[in-house]
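Take a look at the letters that make up each chain.
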Amino acid sequence: MLDLKDIISYLEQKDSTTLHFQIEEWINLNEFNKSKFNFIKTIWEESKRNEGYVEFDTSLEWDVFKDFLAERKKKIIQQEKNSSKKGKLSKNNLDQSAAHEITNWKNISSVVIALLIIIGSNFFFWPPLKHLEISYAEKDMNLILDDGSSVEIKKGAFFKTLQSYKYSKIRAIEFNGEANFEIIQNLDKPFTVETKNTSLTGVGAIFKLNTKGKQSIAEIKEGEIRFYPNSDHNDYIELSTGDKYNYDGLDFINLKSSISIPDSILSH
């Protein structure tokens, strides 16, 4: 389930790759979700701009609004003076327009204040996303995912993914430990397997993945995969059938590279 702290992490760009995709999917699911997110984003941006303020003087804020409307009124009058068109606004109409805007500001502000109270009490509801999650595999397990893909996870592994990919644009998996993956090819819904430090993405492949501390070892049995550290998605390598690489926290190491020794040297 998405929480307010997840949205804040997304806005602060501190979210994981998997969470990033989940939040974007939730935002694009419907206009209601998009409207909620934009509200949160607006409030977050305003709070970032005013981090140094401790007190909120409501009377002072209304004075600011009135000054703003007064300046806008002056601009409208000036525009009318410079315009050669007929049907200029009268002073009375301008006053009514300004009063109407003040009322609108009050209505909008009351909604924002109510929303801030809800957020402050951490009482904001999000539609639940159901997951298949194994926090610690007590034994070796075979899993069949929603798209028909299969995963053989080893004892001690962590595994998490959506129970259904129906409304998802990507098949996102969080994983740590050792497992054999057989991800069915789907060009419309690529997959991502994210570990603590690295991620693998593709449209379908058969591979083995083993994480140990900062290290991630990926062995491709069939297909093609992009392998990259979570800290820099542009620092990637393309793996294909037969490749086996280890990311040690700093760089990629080819575990199947070998140095050929000429026969002339071996004969001595």
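Everything numeric in this text was worked out from a predicted model, so none of it was measured.

What is the right way to look at empty space enclosed by the protein in this model?
Taking a probe equal in size to a water molecule and rolling it over the atoms shows the remaining empty space. Inspection of the entire model under this criterion finds 2 cavities of 30 Å³ or more. In this structure, the second largest cavity encloses a volume near 40 Å³. If you go around the second largest cavity, the residues you meet are Phe21, Gln22, Glu25, Thr161, Leu162, Tyr165, Ser168, Ile170 and Ala172. When contributions to the lining of the second largest cavity are tallied by element, the ones reaching two or more residues are helix H2 (17–29) and strand E4 (158–162). Looking at the lining of the second largest cavity, its residues break down into 5 nonpolar, 3 polar and 1 charged.

I tried to follow the environment of phenylalanine 207 on my own but got confused; where do I start?
Tracing the chain through its elements places phenylalanine 207 in strand E9 (residues 205–212). With a relative accessible area of 1%, phenylalanine 207 lands in the buried category. A sequence separation of 26 residues divides phenylalanine 207 from phenylalanine 181, and the C-alpha atoms of the two residues are 5.3 Å apart. Setting aside anything within four residues of it in sequence, one finds phenylalanine 207 in contact with Ala179, Asn180, Phe181, Ile183, Phe191, Val193, Glu219, Ile220, Lys221 and Ile225.

Would you mind going over the pattern of salt bridges with me for this structure?
In total, this model carries 5 salt bridges according to the counting rule given. Arginine 171 serves as the salt-bridge partner of aspartate 147, at 2.5 Å between the closest nitrogen and oxygen. Separated by 24 residues along the polypeptide, aspartate 147 in the loop between strand E2 (141–144) and strand E3 (150–153) and arginine 171 in strand E5 (residues 171–176) bring together distant segments of the chain. Under the relative-accessibility criterion, arginine 171 is labelled buried at 3%.

The rules behind each value
- Residues numbered from 1 in each chain as written.
- Predicted model: local features only at pLDDT ≥ 70, side-chain atom pairs only at ≥ 80, totals over all residues.
- Heavy atoms only, no water.
- 1 Å grid on protein atoms, 1.4 Å probe; cavity = no way out; pocket = protein on both sides within 12 Å on 5 of 7 lines; lining within 4 Å.
- Points joined across faces, edges and corners; volume = space filled by probe spheres on them.
- Helix = DSSP H or I, 4+ residues; strand = E, 2+ residues; numbered from the N terminus.
- Nonpolar A, V, L, I, M, F, W, Y, C, P; charged D, E, K, R; others polar.
- Buried < 20%, exposed > 50% of the residue type's maximum accessible area, 1.4 Å probe, protein only.
- Contact = heavy atoms within 4.5 Å.
- Salt bridge = Lys/Arg side-chain N within 4 Å of Asp/Glu carboxyl O.

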